[in-house]
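Single-letter residue listing:
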Amino acid sequence: MNALTKPSMAHSRLATRLRENLAGEVLFHPADRGRYATDASIYQVMPVGVVVPKSIEDVQAAMSLAREEGVSILARGGGTSQCGQTVNDSLVLDCSRYLRQLVSVEGDVARVQPGITLGALNEALKPHGKFFPVDPSTWQRCTLGGMAGNNSCGSKSIRYGLMADNTLGIDALLADGSRHFFGEGEPNTDLVARLLALGEREAAEIAAGFPEQLRRVGGYNLDALTPAGRAAGRGNLARLLVGSEGTLAFSATLDLKLWPIKPRKVVGICQFPSFRSAMQASQHLVTLNPEAVELVDRTMIDLGRSIPIYRATIDQMVKNAAGGSGEPDSLLIVEFHGYEDAPLLESLARLEEMMADLGLPGAVVPAVDGGFQARIAEVREAGLNIMMSMKGDAKPVSFIEDCAVALPDLADYTERLTQVFDQYGVKGTWYAHASVGCLHVRPVLNMKDGGDVRKMREIAEKCFELVREYKGSHSGEHGDGIVRSEFNEPMFGSRIARAFEAVKDAFDPHAMLNPGRVVRAPKMDDRSLFRYFPDYAATPMTPALDWSAHPNGFLGAVEMCNNNGTCRKFDAGTMCPSYRVTREEQHLTRGRANTLRLALTGQLGPEALASDAMGEAMSLCVSCKGCKRECPTGVDMARMKIEVQHARGQKHGFSLRERLVAALPRYAPIAARLPWLANLRNRVPALARLMETATGFAASRALPEFVGNPFQDSEAQTPSGREVILFGDTFNRYFEPENLRAAVRVLGAAGYRVRPASDGGRPLCCGRTYLAAGMVDKARAEAQRTLAALAGSDAPVVGLEPSCLTTLRDEFLALLPGAQSEALAARAMLIGELLDRDKPELPWRETATTAHVHGHCHQKAFAAFPPALAALGRMPGLKVAPITSSCCGMAGSFGYMAANQTASRAMAEASLLPAVRAAAAEDVIVADGTSCRHQIEGLSGRRAVHSVILMDRALRDT
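All of these numbers come straight from a predicted model, not from anything done at the bench.

Colleague: How would you sum up the overall build of the chain? Please name residues and give values.
Modeller: Looking only at helices and strands, the chain has 46 helices and 26 strands in total. Scaling as 2.2 N^0.38, a compact globule of 958 residues should have a C-alpha radius of gyration of about 30 Å, and the chain matches this with 29 Å. Over its C-alpha atoms, taken along the principal directions, the chain stretches across nearly 90 × 70 × 55 Å. For the chain, contacts bridging at least 24 residues in sequence account for 74% of all contacts bridging at least 6. Surface exposure of the chain reaches about 33900 Å², of which carbon and sulfur atoms provide 51%.

Colleague: Let's hear about helix α15 (residues 370-381): which residues, and what values?
Modeller: Taking 1.5 Å of rise per residue, 12 residues should cover 16 Å, and α15 covers 16 Å from first to last C-alpha, within 8% of that figure. Every buried residue of α15 is accounted for by F372, Q373, I376, A377, V379, R380 and E381. N-capping of α15 is provided by D369, with a side-chain oxygen placed 3.0 Å from the backbone N of G371.

Colleague: Provide a residue-level description of the packing of helix α40 (residues 831-838) against helix α42 (residues 865-873), including the pertinent values.
Modeller: For the pair α40 and α42, interaxial distance at closest approach is 8 Å and the crossing angle is 65°. Crossing of α40 over α42 shows left-handed handedness. Here G832, E833, L835 and D836 of α40 lie close against α42, whose contacting residues are P867, A868, A870 and A871. The residue makeup of the contact of α40 with α42, split by class, is 5 nonpolar, 1 polar and 2 charged.

Colleague: Go over the sheet that holds strand β2 (residues 49-52) with me, naming the residues and quoting the values.
Modeller: The 4 strands lie next to each other as β1-β2-β4-β3, forming an open sheet whose pairing is mixed. Taken across any chain shown, the strands that pair with only one partner, and hence form the sheet edges, are β1 (25-27) and β3 (73-76). Adjacent strand axes in the sheet meet at a mean angle of 20° when their direction is disregarded. In this structure, β3 lies alongside strand β4 (residues 91-94), joined through 4 bridges in parallel fashion. Bridge assignment links I73 to a residue of β4, and that residue is L91. Packing of helix α3 (residues 56-69) onto the sheet brings it into contact with β3 and β4, and relative to β4 it is tilted by some 175°.

Colleague: Run through the side chain of Q113, naming residues and quoting values.
Modeller: With respect to the element layout, Q113 can be found in the loop between β6 (109-112) and α4 (118-125). At 3.2 Å, the side chain of Q113 and the backbone nitrogen of R100 are in polar contact. Non-local contacts of Q113, meaning those with residues more than four positions away in its chain, are made with Y98, L99, R100, Q101, V103, A252 and L254.

Colleague: Report on the pattern of salt bridges, specifying residues and quantitative values.
Modeller: In total, this model carries 71 salt bridges according to the counting rule given. A salt bridge links D838 to R722; its shortest N-O distance comes to 3.7 Å. Of this pair, D838 sits in helix α40 while R722 sits in strand β19 (residues 722-727), and the two are 116 residues apart along the sequence. Members of the salt-bridge network, linked through shared partners, are K625, K628, D636, R639, R768, D810 and E811.

Colleague: Would you mind going over helix α29 (residues 664-673) in detail, with residue names and values included?
Modeller: For α29, the complete set of buried residues consists of L664, P665, A668, A671 and A672. All buried residues of α29 lie within an arc of 105° about the axis, which places them on one face of the element. Away from its buried face by more than 90 degrees, α29 exposes I670 and R673. Those residues of α29 that are buried are in contact with α28 (656-662), α30 (675-678), α33 (730-734) and α35 (768-773).

Colleague: Could you give an account of the packing of aromatic side chains, naming the residues involved and the relevant values?
Modeller: Scanning the entire structure with this criterion turns up 17 aromatic pairs. Relative to Y470, the ring of Y413 lies with its centre 6.2 Å away and its plane at 85°, an arrangement referred to as edge-to-face. Of the two residues, Y413 is situated in helix α17 (residues 410-424) and Y470 in the loop between α18 (450-469) and α19 (481-485); the sequence distance between them amounts to 57 residues. By the burial criterion, Y413 is buried, and Y470 matches it. Counting every residue linked through ring pairs, the aromatic cluster contains F210, Y220, F492 and F500.

Colleague: Got a sec to walk through the side chain of K504? Specific residues and values, please.
Modeller: For K504, the location among the structural elements is in helix α21 (residues 494-507). Judged by relative accessible area, which is 3%, K504 ranks as buried. Apart from the residues within four sequence positions on either side, K504 is in contact with Y220, T247, L248, P509, A511, L513, V519 and R520.

Colleague: Kindly report on a nonpolar patch on the surface, identifying the contributing residues and their values.
Modeller: Residues L674, W676, L677, L680, V684, L687 and L690 make up a contiguous nonpolar surface patch of roughly 630 Å² in combined accessible area. When residues of the nonpolar patch are traced back to their parent elements, those giving at least two are α30 and α32 (685-695). Looking at the secondary structure, you find W676 in helix α30.

Colleague: An account of the sheet that holds β6 is needed here, citing residue identities and associated values.
Modeller: Across the sheet, 5 strands lie side by side as β5-β6-β10-β8-β9; this open sheet has antiparallel pairing. Edge positions in the sheet fall to β5 (102-106) and β9 (179-182), since each of these pairs with one other strand and no more. The sheet shows a mean angle of 10° between the axes of neighbouring strands, direction not considered. As judged from the 4 bridges shared by β6 and strand β10 (residues 250-257), these two strands associate in the antiparallel manner. Bridge pairing in β10 places V112 opposite L254. Where α4 meets the sheet, it contacts β5, β6 and β10, and its direction lies at approximately 40° from that of β5.

Colleague: For the state of the cysteines, give the residues involved together with the corresponding values.
Modeller: This structure, assessed with the given rule, holds 0 disulfides. The cysteine C576 is free of any disulfide, with C624 supplying the nearest cysteine sulfur at 6.3 Å.

Colleague: How would you explain the environment of T38 if you had to name every residue and give the values?
Modeller: Structurally, T38 is set in the loop between α2 (30-35) and β2. A relative accessible area of 0% means that T38 is categorised as buried. In this structure, the C-alpha to C-alpha distance between T38 and R673, residues 635 residues apart in sequence, is 55 Å. Other than its neighbours up to four places away in sequence, T38 contacts Y43, Q44, R76, V87, R531, N563, N594 and R597. A polar contact of 3.1 Å, which involves the side chain of T38, links it to the side chain of N563.

Colleague: Account for the confidence of the model for the chain, with residues named and values stated.
Modeller: Counting all residues, the mean pLDDT for the chain is 94, and 98% of those residues have values of 70 or more. Within the model, pLDDT remains below 50 along residues 321-325, and this stretch shows 7 contacts once partners closer than five positions in the same chain are excluded.

Colleague: For the environment of D329, give the residues involved together with the corresponding values.
Modeller: With respect to the helices and strands, D329 occurs in the loop between α13 (308-317) and β14 (330-338). Relative accessible area serves as the criterion here: at 27%, D329 is assigned to the partly exposed category. Contact partners of D329, with chain neighbours within four places excluded, come to F272, P273, S274, F275, D297 and R298. Engagement of the side chain of D329 in a polar contact is seen with the side chain of S330, the distance being 3.4 Å.

Colleague: How would you sum up the packing of helix α7 (residues 190-201) against α21? Please name residues and give values.
Modeller: Viewed as axis vectors pointing N to C, α7 and α21 meet at an angle of 175°, and their least axial separation amounts to 10 Å. As summarised for this structure, α7 and α21 are arranged roughly antiparallel, according to the angle between their axes. Counting all contacts with α7, which are made through L191, R194, L195, L198 and R201, the residues of α21 involved are R495, A499, A502, V503, A506 and F507. Looking at the contact of α7 with α21 residue by residue, the class counts come to 8 nonpolar, no polar and 3 charged.

Here is what the cut-offs are and how they apply
Each chain has its residues counted from 1, running along the sequence as written. Per-residue local features are limited, in this predicted model, to residues with pLDDT of at least 70; the limit for side-chain atom pairs, both in listing and counting, is 80 or more; totals at the level of whole chains, interfaces and linings are taken over all residues. To get the side-chain values, all heavy atoms of the structure are used, and hydrogens and water are removed first. The way it works is that DSSP assigns letters per residue, a run of H or I at least four long becomes a helix, a run of E at least two long becomes a strand, and they are numbered from the N terminus. Here the globule rule is a power law, 2.2 Å times the number of residues to the power 0.38, and the radius of gyration is based on C-alpha atoms. Residue contacts follow a heavy-atom distance rule, with two residues in contact if any of their heavy atoms lie within 4.5 Å. Surface accessibility follows the Shrake-Rupley procedure with a 1.4 Å probe radius. Residue values consider only the protein chains on display as shielding. The span one expects for a helix is its residue count, reduced by one, times 1.5 Å. Here the term buried applies to any residue with accessible area under 20% of the maximum for its type, exposed to any over 50%, and partly exposed to those in between, with areas from a 1.4 Å probe on protein chains only. Within 3.5 Å is the distance limit for a polar contact, defined as a pair of N or O atoms, with the added protein rule that one can donate a hydrogen and the other accept it, and that residues adjacent in sequence qualify only through two side-chain atoms. Simply put, an axis is a line fit to the C-alpha atoms, just over the touching stretch for a helix, and the angle between two N-to-C directions goes from 0 to 180 degrees. A crossing counts as left-handed when the near helix is turned anticlockwise from the far one by less than a right angle, and as right-handed when that turn is clockwise. Three classes are used: nonpolar for Ala, Val, Leu, Ile, Met, Phe, Trp, Tyr, Cys and Pro, charged for Asp, Glu, Lys and Arg, and polar for all others, with Gly counted as polar. When DSSP finds at least two bridges between two strands, those strands are taken to pair. Whenever Lys or Arg places a side-chain nitrogen within 4 Å of a carboxyl oxygen from Asp or Glu, that contact is recorded as a salt bridge. Relevant arc is that of directions from the helix axis to the C-beta atoms, nothing else. In this scheme Phe, Tyr and Trp rings, the latter by its six-membered ring, pair at centre separations within 6.5 Å, and the angle between planes marks the pair as stacked below 30 degrees, edge-to-face above 60, and tilted otherwise. Residues enter patches when they are more than 30% accessible in relative terms and free of salt bridges; like-charged ones are connected within 9 Å and nonpolar ones (Val, Leu, Ile, Met, Phe, Trp, Tyr) within 5 Å. The disulfide criterion used throughout: a pair of cysteine sulfur atoms within 2.5 Å. Confidence scores labelled pLDDT are given residue by residue by the predictor and lie between 0 and 100. Any angle that falls under 35 degrees is termed roughly parallel, while one over 145 is termed roughly antiparallel, one within 65 to 115 roughly perpendicular, and all others oblique.

So this is what it looks like as structure tokens:
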């Protein structure tokens, strides 16, 4: 069984020595090891431990101590590898947190540390008018060190080549502790002499055995050692290290070749009635000199449409196929880049002409607008994750993922490979780089099933036979790792395989660096190395919520995380706010999902779901729901956190703080009768300090204040019009009742007949505060009361607080699944959504100001932020300026906790507070979330208002 085991005495000794000698983090807890045991492949291999080095000196010290203790080293960046090259039973060096500096830019050369991401590098290069062109779809989170390890390629390789073509030098740490720079002009060392002698000796075999494909990243780049390769400009020995998957050296810095930015782009989306016709067309489309030609197949079109964040874009990309009926079977996305629009538009016109010549007139959807182009890129880059969004155990599996053949052979190769799939009764998914004959193909298989594992092996062998027949490359982009290393010998021949081993032994004679990858590899179907090893199974547990949307329930929902790491991105969007401020794997959606999977399958010990390790992993999750929308496989960590909180509450009981937060809707009416007493804590510092000791609420943060005139349901009345039901949430009712009163006036002015959401007793509650504490039974009781009160009507249920309103259309479905909850979810909406949907005529005053609008995380997660902006945009004279921000950092009670102050403030400072401070004094700050408004005021001193207040102020007197 490939499960977690306790470190040996030797490994414990190594951990102690590392902690004594390193400035960086040293992680040997089973949960930490488990979080680094997987990458985006099918494999799981438990590391000895993890070091997060703060400097290259830390790396040197860690390598030295590991060498003394006989432990191998695995360098790791973003952990997004597809083939298992970033998992091993080694000491992992995570370079992504600290070793991420752009060291220098001189002319067309950038020197970088290995942990910098491609996205961060290219953002930093913009002022220089340069960029680094190797662009994997994981550009937002893949690191340059990892890209060098894999010899990454990306969509533009037809124009710019591979990572090996753009890496000018590597400052390398070798396994013996020595340090050498490999670049132009080799160091005069015995190692280099041995390598060059090998290259000369094996030159003829290398020339005969290496496929003539641009996309060839299997094995080592031995052509850098041969006289012919060196004469052709491939003799830079940095090229030998690129693609070596960390088996030869550790890259302390890399020197990269930069290119001038081409500021203009046009895109043509070519529609094809069949997959084969798209493959046949590729060889012709590349003659137009495009920057990229990318495939999107029918499966990706259909799966993409099922993901809300991509649906509208795909609808815009697709039209009826020329010469056929219905929609196209496949798309080819063709990009042209340049410096001026006119030549690019001419290229687009030539593309349309060529498609007509191919018998497909009118089959190009042009994309000239930059916004549309960006959305297309998002879909294309999410191709892998879109494919992996299939629910259930059967998934598209990466093992023949990126074989490459010559373009004239592409149609025949893909057709014959499809016949292989048919032979085994499996379906394949296809996408990616048609321009270079490298298609990402994934047969849909169940890696928990031994029969499907046998199919994987047989399909791989038959696929590679085809590749050999077409003189192609079996490893065209994602490297060797575990899944392909064993096939290097049958693909290249025994003599070249021995040459690979000789290179490994010259650099690393004791196999200290990522052993078993590229050379002397295990079998790709060794199930002891699988994430789903033979004894893998869920431990018995009864979840508190309904997870029936996933075939394997709660565990099935957790297993939707494929480790591709979209949650590690730092561009616009919400996910994942805690990782953005900590850069720690445990505070990442992926890290939490891995911890959950290990806990639910017994790999972290008994009752691990309620353990402190699990609680720690969830401690900075702010339940923002960003992952629910932005994770292409829909991992809903906010809902999963409820299960953890519930399990911990059942085992350990609930703390005073959790009970105070959960019961807020119950005691709020009493507090509102004595607001001076309820708010006393904010006015007496000693009382605040005492409360911090007792409950954990930070004495430095003022809590929301109760008012003496809370909103009453009787106020939610207007005389006539279309009926809407106003859901008066606890927060607006007792802390800011002016918002609900403004909503009544705005809805009345818009022609709606308002009535309250009420059952005649105490105010209805969504149960959100109970869910936050894990008190699921009490939340379910509130949901039952609310459903009963709102049954029998089809009127919209309108709310102001995003977290409460979206609970009605999200968590209610998991608390009380069924038609009643579904009906309520369908008619529950925020006021901005209602006004944007119906677009009523309102008697607005001119509002000559700018509104800087921060979206609540749940507004963004449920696509309610654009309607809120649109509703404000209908106000005459108002300039609506959305703030590009992630979570504000308050997130219910999270930001009030003393233990969370560093993370909470850092989340706010990431982008929100700088935007607030930059706003002119006469401008208005708008935030529809109660937590957001309190965070903004508490940390900036600037008061923010709900959008409904702005609307109410702008209504003309009637």
